[in-house]
Amino acid sequence: MVARADIQQVLMQMRQVKAEMQTQAMAPTESFADRVQQLQQQVQPGSVNKAQPAERVSQNYPDIKPDPNVPNFQTMFSNAINEVNRKQNVASDMATRLEQGDPQVDLPEVMVALQKASVSFQAMTEVRNKLVDAYKDIMNMPL
């Protein structure tokens, strides 16, 4: 039930963005940079809804009780990106140390780290591609 409420909220936000984009296309009185600046100001820490995601869901859907054990999608995705970045940094550092002749770094160890970084980056790219495809599918749905 929590996932459905979150999906409904995301769909609503996507429809609002789509409507704003269509309005912008009809009336191009402000530049793209001005619009980006407005959106950045809206996202400033002082202007966002300070309620936790679970509280916002319960405000919008009072009959649905969110599960506090379900992790936030943004947090999960951010952690995954940070982990991929960390693996790439470790692999790059190990390769640099091997090139500089560090006796504590072995070639097989470097190769394994480079492969881990490569595989994790490819997996993250595939996840991103799937998210973009899902976004396109949702945006092409009739209202």
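From a predicted model like this one, the values you see are computed outputs, not experimental measurements.

With that settled, consider the nonpolar core. Core analysis: the largest hydrophobic core is formed by seven residues, namely Ala91, Met94, Ala95, Val105, Val110, Ala113 and Ala117. Residue assignment for this core shows that the elements contributing at least two residues are α4 (73-99) and α5 (107-139).

This paragraph deals with the confidence of the model for the protein chain. Across the protein chain, pLDDT averages 76, with 60% of residues at or above 70. Averaged pLDDT values over the elements of the protein chain bottom out at 58 in helix α3 (residues 53-60) and peak at 93 in α5.

A word on the environment of Val84. If you trace the backbone, Val84 turns up in helix α4. The class for Val84 is buried, based on a relative accessible area of 9%. Between the alpha carbons of Val84 and Phe121 there is a distance of 6.1 Å; along the sequence they are 37 residues apart. Non-local contacts of Val84, meaning those with residues more than four positions away in its chain, are made with Ser120, Phe121 and Met124.

This part takes up the pattern of salt bridges. Counted by the stated rule, this structure contains two salt bridges. In this structure, Arg86 engages Glu83 in a salt bridge whose closest nitrogen and oxygen atoms are separated by 2.5 Å. With Arg86 and Glu83 both in helix α4, this residue pair falls three residues apart, about one helical turn. When its relative accessible area of 43% is taken as the criterion, Arg86 is described as partly exposed. The salt bridge partner of Arg97 is Asp102, with a shortest N-O separation of 2.9 Å. Residue class for Arg97 comes out partly exposed when judged on its relative accessible area of 27%. We classify Asp102 as partly exposed; its relative accessible area is 22%.

Analysis parameters
- Residues numbered from 1 in each chain as written.
- Predicted model: local features only at pLDDT ≥ 70, side-chain atom pairs only at ≥ 80, totals over all residues.
- Heavy atoms only, no water.
- Core = buried A, V, L, I, M, F, W, Y, C linked by side-chain atoms within 4.5 Å.
- Buried < 20%, exposed > 50% of the residue type's maximum accessible area, 1.4 Å probe, protein only.
- Helix = DSSP H or I, 4+ residues; strand = E, 2+ residues; numbered from the N terminus.
- pLDDT = per-residue confidence, 0-100.
- Contact = heavy atoms within 4.5 Å.
- Salt bridge = Lys/Arg side-chain N within 4 Å of Asp/Glu carboxyl O.

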